[in-house]
Amino acid sequence: MTLADTFGFLPNGLRLVGGSFGASARILADFGTSAVHVSMTNANANIKRFDLYDDASNRRVFSFDTFYIKNMRFAYPSMDTAIDGMALSGFYASLDIDQNKTLNIMKYMPPSDKKAQSAQNSAIKSKTPALRIGKISLADGRIDFSDRSLAQRFRTSLTDVVGTVGGITLDKNVSSSIDLRANSGGYGKVAIFGDVTPD
């Protein structure tokens, strides 16, 4: 399956110019008289050669060589989701803060519908779905970053980005571990490690 031919939900201003997608899963559905129940187990997905570009500038915004999702489980209507692991390799991201202190990727986000957001918040308060991701592995990444809001504009590139983020959950009582490392042009090696909890 080719991503560029099938993904019609991209925000305005972005163009998908490549990518292939493969997946397998076991799905069970119960269409009872009172409610519909669906469960998905043993789901694995593999996306390759994903390239996302800005339409106006033809500048690459985000890309990766491979993104693999291992053993995903999902239940409806609870929306509970569990994933054993994710692996992202050969990835690239371009992050830019403009003179108005706005991150470049924010311009692709549609304006929020306050009524829809209020209804969504009410639904979330009634029951927050369970989400657990065992580990996310990153390898061979590059991030180009610039900040044009400063008097002296700052620009750097993080290369050889590797690391893991483990134990991701929406439970505020459970922390996730972070171990990220990279090389920064002109600034030496960069390392981020520790624990974070959802806000």
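My aim in this report is to walk through the structure given alongside it, one point at a time. (Residues numbered from 1 in each chain as written. Predicted model: local features only at pLDDT ≥ 70, side-chain atom pairs only at ≥ 80, totals over all residues. Heavy atoms only, no water.)

1. Focus: the layout of surface pockets
Defined as follows: In this analysis a 1.4 Å probe is tested at points of a 1 Å grid over the protein atoms alone, and where it fits but cannot get out there is a cavity; an open set with protein on both sides within 12 Å along at least five of seven lines is a pocket; lining residues have an atom within 4 Å of a point. Grid points are joined across faces, edges and corners, and a volume is the space filled by probe spheres set on the points. Helix numbering and strand numbering both begin at the N terminus, where a helix is a DSSP run of H or I of at least 4 residues and a strand a DSSP run of E of at least 2. Residues are grouped as follows: nonpolar covers Ala, Val, Leu, Ile, Met, Phe, Trp, Tyr, Cys and Pro; charged covers Asp, Glu, Lys and Arg; every other residue, Gly included, is treated as polar.
The volume enclosed by the largest pocket comes to roughly 290 Å³. In this structure, the largest pocket is lined by 13 residues; those nearest its centre are Phe-91, Leu-138, Ile-143, Val-161 and Leu-180. Broken down by element, the residue count for the lining of the largest pocket peaks at three residues, all from strand 9 (residues 176–184). Residues that form the lining of the largest pocket fall into these classes: 12 nonpolar, no polar and one charged. Residue lining of the second largest pocket: 15 residues in total, with Arg-59, Asp-96, Asn-104, Lys-107 and Tyr-108 positioned closest to the centre.

2. Quick notes on the packing of aromatic side chains
Put simply, the rule reads: Two rings from Phe, Tyr or Trp (for Trp, the six-membered ring) form a pair when their centres are within 6.5 Å of each other. A pair whose planes differ by under 30 degrees is stacked, one over 60 is edge-to-face, and the rest are tilted. Burial here depends on accessible area, computed with a 1.4 Å probe over protein chains only, as a share of the maximum for the residue type. Under 20% is buried, over 50% is exposed, and the range in between is partly exposed. Either the NZ atom of lysine or the CZ atom of arginine qualifies as a charge over a ring when it sits within 6 Å of the ring centre and within 35 degrees of the ring normal.
On inspection of all chains with the given rule, the structure shows five aromatic pairs. Their ring planes at 65° and their centres at 5.9 Å tell us that Phe-62 and Phe-64 sit as a pair that is edge-to-face. Phe-64 sits in the buried class, given a relative accessible area of 5%. Taken together, the aromatic side chains of Phe-50, Phe-62, Phe-64 and Phe-67 make up a single cluster linked through ring pairs. Positioned over the ring face of Tyr-92 is Arg-60, at 4.0 Å from the centre of the ring.

3. Describing the side chain of Asp-54
As a reminder, the rule being used: Here a polar contact means two N or O atoms within 3.5 Å. Within protein one must be a hydrogen donor candidate and the other an acceptor candidate, and residues neighboring in sequence count only if both atoms are side-chain atoms. In what follows, residue pairs with any heavy atoms lying within 4.5 Å of each other are defined as contacts.
Position of Asp-54 among the secondary structure elements: in strand 3 (residues 36–54). A relative accessible area of 6% means that Asp-54 is categorised as buried. Here Tyr-108 takes part through its side chain, which lies 2.6 Å from a polar atom of the side chain of Asp-54. Leave out the neighbours within four places in its chain, and Asp-54 touches Gly-13, Leu-14, Arg-15, Arg-59, Val-61, Lys-107 and Tyr-108.

4. Notes on unusual backbone geometry
Between Tyr-76 and Pro-77 the backbone carries a cis peptide bond, its omega angle lying at 15°. Mapping Pro-77 onto the fold places it in the loop between strand 4 (60–76) and strand 5 (81–89). Positive phi is not limited to glycine here, since Asn-71 has a value of about 50°. Examined against the element boundaries, Asn-71 turns out to sit in strand 4. Even without being glycine, Lys-101 reaches a positive phi, approximately 60°.

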